[in-house]
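# A closer look at the structure
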Amino acid sequence: MKNKKIDKTPAILDFIQSSTGLILGVFIMGHILFESSILISNEMMYRVTIMFEGYYFFGETYPGIISFLAGAISIIFILHAGVALKKFPNNYRQHKIMRNHVLQMKHEDTSLWVVQIMTGFIMLFIGSVHLYTMMAEPSNIGPFASSYRVVHEHMAPLYFLLLLSVVSHAFIGLYRLAMKWGFMESRNTKVSRRRFKLLMKSLIVIYIVVGSLSLMKYIYIGYTNDFEPGTRYKSTIINLKAH
Ligand code: HEM
């Protein structure tokens, strides 16, 4: 009998998609929380910023670490999107079949997949702009520098759209991963799936609320301070270059 070779490409692509998705999902959960440090105080956001710049490790700040991190996240982001693009309906006929399928089935998990395609498409553009800025201007992060960008460089609307897209995309993605990896298989799979779905929806709401509040705080700081371009926050406790 002839030894038929199994094509492993779909399995490899699937693994890349899941693992990069998991990394990005965990990253964004941390990102929005760290960045919400602005809700506590300017000083707290400043401390978080210098922590990522290596201050508590080297005793000095190295913004290049942020560029490196943003570069690494960009590579994972591109890999994730590249594999996902293969699943986009790539002509009108496929699009129509998918649309009819969603309308007829009225199945929530199928509709979630459509949300993933739409939010993913939005992030491809806005996420790239943001990642590039972080990579190119790593020293322009801090309570004042970030607020200046949000208000005076008009990033607020983009950030809000990005927030809605990335939070929905991340938690729907993690929910689908948990389903795929069998975390919802139990004595009562239906109940378990319902619980996971409730968890997913709650986390989406919590993260959107926290992210929106942070964004409002950046907007408030941006409007209530008479910033010149390049104005930096100056810590009263840590005597370092100003942010
Ligand atoms: C290492 C890479 C990244 C760094 C260093 C970073 C850093 C930051 C910083 C400092 C802000 C505050 C506003 C500003 O300074 O402009 C911010 C906002 C934001 N970032 Fe990122 N970011 C990174 C990657 C990403 C990615 C990959 C996404 C999603 C695709 C993302 C989504 C957002 C969103 C939605 C906001 C607004 C958050 C809010 O409304 O509270 N970021 N980011």
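As the structure is a prediction and not an experimental result, all values here were calculated from the model. (Residues numbered from 1 in each chain as written. Predicted model: local features only at pLDDT ≥ 70, side-chain atom pairs only at ≥ 80, totals over all residues. Heavy atoms only, no water.)

## Structural notes on the packing of aromatic side chains
Applying the stated criterion across every chain, the model contains eight aromatic pairs. A centroid spacing of 5.4 Å and a plane angle of 55 degrees characterise the contact between Y46 and Y233, whose relative ring orientation is tilted. Taken together, the positions of Y46 in helix α2 (residues 42-52) and Y233 in the segment after α9 (189-224) put the pair 187 residues apart, joining distant regions of the chain. With a relative accessible area of 0%, Y46 lands in the buried category. For the ring pair F58 and Y62, a centre distance of 5.5 Å and an interplane angle of 90 degrees mean the geometry is edge-to-face. Under the relative-accessibility criterion, Y62 is labelled partly exposed at 39%. Among the aromatic residues, those joined into a cluster by ring pairs are Y46, F144 and Y233. (Phe/Tyr/Trp six-rings, centres within 6.5 Å; stacked < 30°, edge-to-face > 60°. Helix = DSSP H or I, 4+ residues; strand = E, 2+ residues; numbered from the N terminus. Buried < 20%, exposed > 50% of the residue type's maximum accessible area, 1.4 Å probe, protein only.)

## Considerations on the packing of helix α4 (residues 64-85) against helix α6 (residues 108-136)
At their nearest, the axes of α4 and α6 sit 8 Å apart, and the two run at 160 degrees to each other. Here α6 runs roughly antiparallel to α4, going by the angle between their axes. Between α4 and α6 the crossing geometry is left-handed. Listed contacts from α6 to I66, S67, A70, G71, I73, S74, F77 and A81 of α4 are M123, L124, G127, S128, L131, M134 and M135. For the contact of α4 with α6, the per-class residue count stands at ten nonpolar, five polar and no charged. (Axes fitted to C-alpha atoms, helices over the stretch in contact; angles between N-to-C directions. Parallel < 35°, antiparallel > 145°, perpendicular 65-115°, else oblique. Left-handed = near helix turned anticlockwise from the far one by under 90°. Contact = heavy atoms within 4.5 Å. Nonpolar A, V, L, I, M, F, W, Y, C, P; charged D, E, K, R; others polar.)

## A short note on α6
Over its 29 residues, α6 extends 40 Å from the first C-alpha to the last, a length consistent with the 42 Å expected when each residue adds 1.5 Å. Residue L124 marks the point of greatest curvature in α6, where the axis turns by about 35 degrees. (Expected span 1.5 Å × (residues − 1). Bend = angle between axes of the 7 residues up to and from the residue.)

## Quick look at the site of the ligand
As a structural note, the neighbourhood of the ligand is formed by 21 residues, with H31, H130, S146, R149 and Y159 the closest of them. At 2.6 Å, a side-chain N or O of S146 approaches an oxygen atom of the ligand. Within the side chain of Y159, an N or O atom sits 2.4 Å from an oxygen atom of the ligand. For the shell around the ligand, the secondary-structure elements that each account for two or more residues are α1 (9-35), α4, α6, α7 (143-152), α8 (156-180) and α9. (Near = heavy atom within 4 Å. Polar contact = N/O pair within 3.5 Å; in protein donor to acceptor, adjacent residues only side chain to side chain.)

## Focus: the coordination of the iron atom of the ligand
Coordination of the iron atom of the ligand by the protein is provided by H31 (NE2) and H130 (NE2), with metal-donor distances spanning 2.0 Å. In this structure, the iron atom of the ligand is surrounded by six donor atoms whose angles at the metal cover 84 to 180 degrees, and the resulting shape is octahedral. Linking H31 in helix α1 with H130 in helix α6, this pair joins segments that are 99 residues apart in sequence. By relative accessible area, which is 24% here, H31 ends up partly exposed. Taking the relative accessible area as the measure of exposure, H130 reaches 16% and is therefore buried. (Donors = N, O, S within 2.8 Å, 3.2 Å for Na, K, Ca; no water. Tetrahedral: all angles 85-135°; square planar, octahedral: opposite > 155°, others 65-115°.)

## Remarks on the UniProt feature "transmembrane region" (unreviewed entry) in the chain
What UniProt calls "transmembrane region" (unreviewed entry) maps, in this numbering, to residues 21-41, 61-85, 112-136, 156-177 and 198-220. Each end of residues 61-85 is marked by a C-alpha atom, and these two atoms are 38 Å apart; helix forms 88% of the span and strand 0%. (UniProt positions renumbered as here; feature names shortened; annotations may be inferred.)

## Structural notes on the UniProt feature "binding site: heme b" (unreviewed entry) in the chain
Within this numbering scheme, the UniProt entry marks H31, H80, H130 and H169 as carrying the feature "binding site: heme b" (unreviewed entry). In this structure, H80 sits in helix α4. Taking the relative accessible area as the measure of exposure, H80 reaches 15% and is therefore buried. Non-local contacts of H80, meaning those with residues more than four positions away in its chain, are made with Q17, T20, G21, L24 and H169. Its location among the elements puts H169 in helix α8. Among residues more than four places away in sequence, those in contact with H169 are H80, Q116, T119, G120 and M123.

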